[in-house]
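Take a look at the letters that make up each chain.
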Amino acid sequence: MKRDWMQTGRKPSGLCGAALYIAALSHGYNYTKSNIVAVVHVCEATLTKRLIEFENTDSGSLTIEDFLAKADEEPPVSKFSPISGEVLCKHKDKAAEHFAHGLCEKCYNKFTKLSGGLEGGADPPAFQRAEKQRLEAAKKAEEAAAIKEAMLGESICEMQNSDAEHNIMSTTEDSVGDKSAAIGSGEIGKDYVTSKDPEVGGENGKADADPESFSDIDDVEVDGYLHNEEETQYKKIIWEEMNKEYLEEQAAKEALAAELAARGVGVGEGQQKKRRRNEDTKNSTPAETPAEATYNMLKRK
């Protein structure tokens, strides 16, 4: 766990619980997570999280035999030799010699024993996240460059194809234009000769002078746009079915008006009475006593 940076930023109780649980299962002791939690005094969720983190390390993928064999190996010898530098540890005032990373030899050995050293383990989690983000960004940049290059190649091919089609169409239009010009000049000559005929020329002149006239529509076609009696009846039935509610309301209003007229009551008389009652209510002065208010109310009723 020290070599794989699991102890960094973690409470010792959670790491101790995970180590006890893994050691118990490795040596054949059937202890549950509840037994371990009762000893190290952490919640079961914390213990499970530490076990998941250990599972993601290199040591978590080993079998029990390989794990025990790796544990029996001697710790790696430090590759650092004393180098010149400034001592920054607690022995800097005692004229201690610099060993590595700003530490004297005694503090460096203590650091190695406590943390597992800087050799033989996984990279720090922060470095792993940064490296993963860097690799993902590089992969996205390569994919974007490949897509851009493919799109550029397709656009170049399309431009070349369009240029070739344009050249072919232009040559075809030139040849067709020469033929049509020759044919058109012959037709113009014929029209000029035929326009001199007074019988034909009069009709052509009227048609050209009034292009929006309905002279080219015959009576049969006009009759086709108009409804006969049967079609008119069908259209009336459809319209009445679509506006059935409106027609019923109008019929009710007409029946009410006829009933009021039979009684001799005008249509607007009820509204005038209501308006007069409202005016009387507005003009009335507020009552001074409860008895007067009750009397006014009974009078209005």
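Residues numbered from 1 in each chain as written. Predicted model: local features only at pLDDT ≥ 70, side-chain atom pairs only at ≥ 80, totals over all residues. Heavy atoms only, no water.

Enquirer: Sorry if this is basic, but what is going on with unusual backbone geometry here?
Expert: Backbone geometry follows two general trends: most residues other than glycine have a negative phi, and most peptide bonds adopt the trans configuration. Of note in the backbone geometry, H41 takes a positive phi value of approximately 60° without being a glycine. Within the secondary structure layout, H41 lies in the loop between α2 (33-40) and α3 (44-55). (Helix = DSSP H or I, 4+ residues; strand = E, 2+ residues; numbered from the N terminus.)

Enquirer: How should I be thinking about a nonpolar patch on the surface in this particular structure?
Expert: Nonpolar side chains collect at one region of the surface, where W239, Y246 and L247 lie side by side and expose about 320 Å² of accessible area between them. By the secondary structure assignment, L247 is in helix α10 (residues 244-263). (Patch = residues over 30% accessible without salt bridge, like charges linked within 9 Å, V, L, I, M, F, W, Y side chains within 5 Å. Areas by Shrake-Rupley, 256 points an atom, 1.4 Å probe, with all protein chains shown as cover. Salt bridge = Lys/Arg side-chain N within 4 Å of Asp/Glu carboxyl O.)

Enquirer: For this particular structure, what's the right way to read the side chain of R50?
Expert: Summarising the element assignment, R50 is placed in helix α3. Judged by its relative accessible area of 9%, R50 falls in the buried class. For R50, the contacting residues outside a window of four places in its chain are M6, R10, G14, L15 and A18. (Buried < 20%, exposed > 50% of the residue type's maximum accessible area, 1.4 Å probe, protein only. Contact = heavy atoms within 4.5 Å.)

Enquirer: What is the right way to look at the confidence of the model for the protein in this model?
Expert: Low pLDDT marks regions whose predicted coordinates should not be analysed in detail. Averaged over all residues, the pLDDT of the protein is 75; the fraction at 70 or higher stands at 68%. Here helix α7 (residues 198-209) is the element of the protein with the lowest mean pLDDT, 47, and α2 is the one with the highest, 92. Here residues 192-207 is modelled with pLDDT under 50, and outside its nearest four sequence neighbours on either side it reaches 1 contact, counting other chains as well. (pLDDT = per-residue confidence, 0-100.)

Enquirer: Can you help me understand the nonpolar core in this one?
Expert: Nonpolar side chains tend toward joint burial in soluble globular proteins. Formed by M6, L15, A18, Y21, I22, I36, V37, V40, V42, L47, L51 and F54, the largest nonpolar core amounts to 12 residues. Counting only elements with at least two residues in this core, the list comes to α1 (12-26), α2 and α3. Element by element, the count of residues in this core is highest for α1, at 4 residues. Contacts of V40, omitting those with residues within four sequence positions, involve S13, C16, G17 and L20. (Core = buried A, V, L, I, M, F, W, Y, C linked by side-chain atoms within 4.5 Å.)

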